[in-house]
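Next come the chains, spelled out residue by residue.
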Amino acid sequence: MRGTRIKTRKRNIAAPLDPAAFSDAVVLIYLDNAGDLELVAKAIESSDLNFSRYGDIFFEVVFIGGRTQTGSVKSDEGERHPYSIIDCEPNREAILPSVVYIQKILRRKPFLIKNLENVTRRFLQSLELFEESERKKLAIFTALAFSQKLSGLPAETVFQPLLKDNLVAKGIVLTFVTDFFNEYLVENSLDDLIAILRRGKMEDKLLDFLPPTKRTTECFSEHFTKAGLTALVEYNEKKIFEVKLKEIKEVLTSQVTEEINIDEVIETVKQQVKDAKLPEIEVVRVIWDGIMDAVQWSGKNQQQNSNSVLRQVKTWAPLLNTFCSNGKMEMELMYKVQMQCYEDAKLMKVFPEVVRSLYELDVLAEDTILHWYRKGSNPKGRQTFVKGLEPFVNWLEEAEEEE
């Protein structure tokens, strides 16, 4: 074979013009340097090998020690070296040097980034062809790649290929991501992990990693609790809880907007709350949000906005009354009204009127209003709201004295 010559530590090799010869030449660099990745990187940098043409093959050599057979992840005939990622021990100390090595190669040959992505995606889609210990090594490598912010490995490249039905059904994906999560969280926070999942479009689909027969919140919690990932379990439960709240609010807002019969709305909310197992305190908050989201606002017209809110409160008071069944829930509703009026400038002045209306409609008791006025703990806008509510409170206290 004719071609230019390249320098290695021990000998010169003609730059190959076919995949098999390229693979053999890279393997030879590993062997000549006894797997010392510092020396291998230097030899690769100074070589004349056609990496732009055979980038995928280069990473096959890095990952499994040689060129893969067509349609397989096993080494093809030809030279092979024993210093690949799947030949390492399954721990971070053994695999981290390969991550650092790849980062060096990519800095010098950034055009190889796409090849790393190609090979990673292909191997992850073929996880069932690897031995269990090899899959663990790939999981550790992938986690360390993200931890070290390795170029050329977008989150979607990792997570989307994993969602092949056969991989998920066999539990291979669940084991892989469990190893990945555990390794990544050694040096990174849960927030960092969630950010990766978000980029990989998996933040809201964690249950998709479980086999279909076990795709429940309970199975998710049981598995990852046993794996020592309680923080992830708590995050997932919170996320599911938020999704349920959002669904309830959207349905409620739709029914309120369409002016569905109030008795029907009450029954719908009761059933949703029962199915979602929501605590009372969250129910009160989501009902108020659902009702207010259906208000038709009038831009900067303060009086029209006030009238719209009061009309909505009057119309849907029976719904609020159904779930404000005790003083604690009434106080929660007051705090909810306070926060909305504080956060929405167009409602700052309507707070006293809303409270008075809720009192007249038997949603809020006198004791609740007086307790909020005297001892309310939420400071947001409190001074303004207390001052605005003062005339009504004086009236309540005078009426109480007369009785």
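Residues numbered from 1 in each chain as written. Predicted model: local features only at pLDDT ≥ 70, side-chain atom pairs only at ≥ 80, totals over all residues. Heavy atoms only, no water.

Chemist: Which residues make up helix 5 (residues 113-125), and what values go with them?
Modeler: The terminal C-alpha atoms of helix 5 lie 19 Å apart, and with 13 residues this matches the ideal 18 Å at 1.5 Å per residue to within 8%. On its buried face, helix 5 sits against helix 3 (55-64), helix 4 (92-108), helix 7 (155-159), helix 8 (165-169) and helix 9 (172-184). (Helix = DSSP H or I, 4+ residues; strand = E, 2+ residues; numbered from the N terminus. Expected span 1.5 Å × (residues − 1). Contact = heavy atoms within 4.5 Å.)

Chemist: I'd love a proper account of the domain arrangement of the protein chain, names of residues and values included.
Modeler: For the protein chain, the assigned domains are domain 1 (19-228) and domain 2 (238-401). Measuring from the centre of the C-alpha atoms in domain 1 to the corresponding centre in domain 2 gives 52 Å. (Domains from an automatic or database assignment.)

Chemist: Residues and numbers for the packing of helix 16 (residues 327-343) against helix 18 (residues 366-375), please.
Modeler: Look at helix 16 against helix 18: their axes get within 9 Å of each other, and the N-to-C directions meet at 55°. Between helix 16 and helix 18, the interaxial angle falls into the category oblique. Seen from above, helix 16 lies across helix 18 with right-handed handedness. Every residue of helix 18 that contacts helix 16 at Gly 327, Glu 330, Met 331, Met 334, Tyr 335 and Gln 338 is listed here: Thr 368, Ile 369, His 371 and Trp 372. (Axes fitted to C-alpha atoms, helices over the stretch in contact; angles between N-to-C directions. Parallel < 35°, antiparallel > 145°, perpendicular 65-115°, else oblique. Left-handed = near helix turned anticlockwise from the far one by under 90°.)

Chemist: How would you explain the confidence of the model for the protein chain if you had to name every residue and give the values?
Modeler: Chain-level pLDDT for the protein chain is 90 on average; 93% of the residues reach the 70-or-more range. Least confident of the elements in the protein chain is strand 1 (residues 5-7), whose mean pLDDT is 45; most confident is helix 9, at 97. Here residues 1-14 is a poorly scored stretch, pLDDT under 50, and it has 35 contacts once near neighbours within four places are set aside; other chains count. (pLDDT = per-residue confidence, 0-100.)

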